[in-house]
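Coordinate inspection notes
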Amino acid sequence: MTFIQFAFNNVGRNLRQYVSYFVSCTFAVTVFFMFAVIVFHPDLHLLKAREIVRTAVFASEVMIYGFSFLFILYSTGAFIKSRKKEFAVLMTLGMRKFQLNLMLFIENTIIALTAILAGIGIGALLVKLFMMVFAAVLGLEQALPFYFPATAIKWTFFLFLFMFEATTLVVVMTMRNKPILHLLRIQQASNRNPKFSFIISALSMLAIGYAYYLAYTASLISMMLRMFPILALVIPGTYFFFSQSLIALTSIVKRIPRIYFFGKNMLVFSDMAYKFRDNAKMLFFVTILSAVSFTSSGILYSVYNTVDQQLEDYMPQDFSMVSLKNKSDFHQSMKKVENELDENDIHFNAMYSTFIILRLDGGKQWDHIPVTAYAYSDFVRMARMQHKQHALPAMSNKGLLLWPAVLPAYPYKVPSTMELSSDHMKKSIPIAMAEDIYNSTPYAGYSIILPDNTFQKFKNQTAKKHIHEQYAIQLADWRKDVDTLTAIEKTVPSEHADVQSKGSVYLNMKNGTSYFFFFGVFISILFFLAAGSILYFRMYQNIDKDLYHYRSLYRIGLTNKDMRKIATTELGYLFFIPFVIAALHAAFAFKALHNMLHASLLTSVSSVIGIFFILHFFNFIVIRNIYTAKLKQAMK
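Calculation notes
Residues numbered from 1 in each chain as written. Predicted model: local features only at pLDDT ≥ 70, side-chain atom pairs only at ≥ 80, totals over all residues. Heavy atoms only, no water. Helix = DSSP H or I, 4+ residues; strand = E, 2+ residues; numbered from the N terminus. Buried < 20%, exposed > 50% of the residue type's maximum accessible area, 1.4 Å probe, protein only. Contact = heavy atoms within 4.5 Å. Patch = residues over 30% accessible without salt bridge, like charges linked within 9 Å, V, L, I, M, F, W, Y side chains within 5 Å. Areas by Shrake-Rupley, 256 points an atom, 1.4 Å probe, with all protein chains shown as cover. Salt bridge = Lys/Arg side-chain N within 4 Å of Asp/Glu carboxyl O. Axes fitted to C-alpha atoms, helices over the stretch in contact; angles between N-to-C directions. Parallel < 35°, antiparallel > 145°, perpendicular 65-115°, else oblique. Left-handed = near helix turned anticlockwise from the far one by under 90°. Nonpolar A, V, L, I, M, F, W, Y, C, P; charged D, E, K, R; others polar. Pairing = 2+ DSSP bridges. Arc of directions from axis to C-beta. Polar contact = N/O pair within 3.5 Å; in protein donor to acceptor, adjacent residues only side chain to side chain. Phe/Tyr/Trp six-rings, centres within 6.5 Å; stacked < 30°, edge-to-face > 60°. Core = buried A, V, L, I, M, F, W, Y, C linked by side-chain atoms within 4.5 Å.

On to the overall build of the protein. Across its full length, the protein holds 21 helices and nine strands. Within the protein, the proportion of its 636 residues that are buried is 51%. In the protein, of all internal contacts separated by at least 6 residues, the share reaching a separation of at least 24 is 83%.

Now the structure itself:
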């Protein structure tokens, strides 16, 4: 038998151990290859947003490659560590260090070439479907045509081959000075009782709980300040939850006889304390990876799925035009828009009004701020046209400073009285807050509503260049006429009016979020598969110790069925506790997103978590079956 045949046989003997690693690597290669097909596609220049697409795909490629490098580095180290006893035996029998390293390179090259070729082959089969989904999500009229992706194949093959060989070299370098005795003892687990601190356990729970509170009560503005504190609390809190709190909870369960002595709980919980201690870092890493997958996928899907809801909140008017310099051109554009709507048989309500640009002075953050001022009577007409009578507070001689209802209260204190000034007039008026029902204008970031007589006095004392006209349109359902609204907007010359249309904004937002959604979901799934693979690796690292434990139970009279049940329970804890914690982390992240978007995310979130749970449960069943089959074989 040649040395290369010996390496091939080693791969065959460890096939079960390699299967999850192989699947994850193949998936990474497949996704990278399909993205590369788009990057190098000769017809990419035909897309309107080709630069955005190319940048997004390239960024995805970098993320996939970078994460795959770290994942393969970890996986290769895990495999070599799980086989150190085997390597020690080979060295005892006379294998030189150079031969051992060469054997590892040959084995890893076999796995690398197989995974790369399988990934490219699967990618080639799926790339047409991939481009069809790509076209559908991005709203393209037709998918990019198929072509032979020679450049994509070349880059994928050589980049991943380099990655596999480089990670193998790094791992081999870390073990080159290890003596044989160390290799023989490396897998011996400590029999000392797991220790924990009730103080650290309590602090970890408090840190996670407080982070949840910050996320639950976050708003669009406060979230910017709370993001880093939340991460600073959740990440260490999660680590100490697994390394301290779980062991503490296990210790508490042992002190409750009706739970500890029920069924086979004594056998399960006695062993789980050691498993939680030995696997704390792995459980923490899997939880963070899963939480990132859930959160990113859920956020991307929710934002993509609620674009229309966000527009309803942040853009109250379906279609609005604001005059610029030439008033006659503005009225011509108004008439043209009305004719276009009539020709397309679209029912609409329209309103014409005027507004003036004033200066607001209220001290500190409110000094010299330009505002658009509207008459209260026009404000009433606009609110009724939008069916927002609730936005009409009682009016007296005060001014109503408008603020979007979806945003929290203004972060700075609003003075009770402010001074308004135009070219030739100043007046102090009381200020109250009210819901904004106007689209933004190019002239000012804030709007204020004045009593009709006050508005008229200011208008009479304001230069004509600061008096502007607005034309607003409301439709029965703008979602049905997105394309028409977008086309009508393009007919209005930019020098005649500033136009804002939900149609064009919707299409732009939909296209933008679709890019992130499409690319982000693939990366999230890759993260999630990697998390499942890490669980699989860890199980195989501890398989010898677990078999010794189950043989002891077998000798005292437990049946194969009993041990299968105990093994399933213990694996279930290791698999589903990280999933539940990750889902909780993601749930509070979604609550923060709900507070910011003011959109219903329940359906989107439930769908994302449900899909990941199905994938995770399927992964658990496969690994449980492999594990128990190994257990049954060892009991013969």
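Taken together, the side chains of Ile122, Leu125, Leu126, Leu129, Met132 and Val133 present a nonpolar region at the surface, about 560 Å² in accessible area. Looking at where leucine 129 falls in the secondary structure, it is placed in helix H5 (residues 97-138).

Turning next to the packing of helix H11 (residues 265-278) against helix H20 (residues 560-597). For any two helices packed against each other, one specifies the inter-axial angle together with the distance between the axes. The interhelical angle for the contact between H11 and H20, taken along N-to-C directions, is 40°, at an axis separation of 10 Å. One finds that H11 runs oblique with respect to H20. For the element pair H11 and H20, the recorded crossing hand is right-handed. In this structure, H11 contributes Leu267, Val268, Phe269, Asp271, Met272, Lys275 and Phe276 to the contact, and H20 contributes Ile566, Thr569, Glu570, Tyr573, Leu574 and Ile577. Residue classes in the contact of H11 with H20 are distributed as nine nonpolar, one polar and three charged.

Further remarks concern the pairing of strand E1 (residues 319-323). Counted residue by residue, E1 has five buried out of five residues, so it is predominantly covered. Burial along E1 is two-sided: Phe319, Met321 and Ser323 facing one way and Ser320 and Val322 facing the other are all buried. As paired elements, E1 and strand E8 (residues 467-475) share four bridges and run antiparallel to each other. In the strand pairing of E8, valine 322 is matched with glutamine 470. Alignment of E1 against strand E9 (residues 497-501), held across five bridges, turns out to be antiparallel.

This brings us to helix H13 (residues 307-314). Those residues of H13 that fall on the buried side of the exposure criterion are Val307, Asp308, Gln310 and Leu311. All buried residues of H13 lie within an arc of 160° about the axis, which places them on one face of the element.

Tracing the backbone through its elements, the reader meets serine 504 in helix H18 (residues 502-541). Under the relative-accessibility criterion, serine 504 is labelled buried at 12%. A polar contact is formed between the side chain of serine 504 and the side chain of glutamate 489, at a distance of 2.5 Å. Each residue touching serine 504, except ones within four places of it in the same chain, is listed here: Thr486 and Glu489.

All right, on to the packing of helix H9 (residues 222-254) against H20 then. Two elements in contact, H9 and H20, have axes whose closest approach is 12 Å; the angle formed by their N-to-C orientations is 165°. The pairing of H9 with H20 is recorded here as roughly antiparallel in orientation. In this structure, H9 meets H20 at a crossing whose hand is right-handed. Side by side, H9 and H20 meet where Met223, Val234, Thr238, Phe241, Phe242 and Leu246 of the first sit next to Ile577, Pro578, Ile581, His585, Ala592 and Met596 of the second. A breakdown of the residues in the contact of H9 with H20 according to their chemical character gives 10 nonpolar, two polar and no charged.

Considering all chains together, one arrives at 28 aromatic pairs under this definition. Plain terms: the ring middles of phenylalanine 355 and tyrosine 443 are 6.3 Å apart, the flat faces sit at 55° to each other, and that makes the pair tilted. Of this pair, phenylalanine 355 sits in strand E2 (residues 348-361) while tyrosine 443 sits in the loop between strand E6 (426-435) and strand E7 (446-450); the two residues are 88 residues apart in sequence, bridging distant segments of the chain. With a relative accessible area of 0%, phenylalanine 355 lands in the buried category. Aromatic rings pair up to connect Phe294, Phe575, Phe576, Phe579, Phe612, Phe613, Phe617 and Phe620 into one cluster.

A few words on the nonpolar core. Core analysis: the biggest nonpolar cluster contains 78 residues, and Phe160 and Phe242 have the highest contact counts within it. Looking at this core element by element, the count peaks at 13 residues for H18. Those residues within four positions of phenylalanine 160 in sequence are excluded, and the remaining contacts are Ala28, Val29, Phe32, Tyr65, Ser68 and Ile116. Core analysis: the second largest hydrophobic core is formed by 24 residues, Ala211, Ile230, Phe294 and Met596 among them.

To continue, consider the environment of leucine 246. Locating leucine 246 in the fold gives a position in helix H9. Assessed through its relative accessible area of 6%, leucine 246 is described here as buried. Leucine 246 sits 45 residues away from serine 201 along the chain, and the two C-alpha atoms are 8.2 Å apart. Setting aside residues no more than four positions away along its own chain, leucine 246 makes contact with Phe241, Phe276 and Ile577.

We now examine the pattern of salt bridges. Enumeration according to the criterion identifies five salt bridges in this entry. Aspartate 361 serves as the salt-bridge partner of arginine 359, at 3.5 Å between the closest nitrogen and oxygen. A salt bridge links arginine 381 to aspartate 378; the shortest N-O distance between them is 2.8 Å. Linking arginine 381 with aspartate 378, this pair stays in helix H15 (residues 376-385), spanning three residues, or about one helical turn.

Counting through the fold element by element, isoleucine 230 comes out in helix H9. For isoleucine 230, a relative accessible area of 11% corresponds to the buried category. Here the alpha-carbon distance between isoleucine 230 and tyrosine 210, two residues 20 residues apart in the chain, equals 8.2 Å. In contact with isoleucine 230, not counting residues within four places along its chain, are Ala211, Leu214, Ala215 and Met223.

A separate point is unusual backbone geometry. The phi dihedral of aspartate 345 falls on the positive side, at around 55°, and the residue is not glycine. When its relative accessible area of 72% is taken as the criterion, aspartate 345 is described as exposed. Here histidine 387, not a glycine, exhibits a phi torsion of approximately 60°, which is positive. Within the element layout of this structure, histidine 387 appears in the loop between H15 and strand E4 (399-403). Assessed through its relative accessible area of 63%, histidine 387 is described here as exposed.

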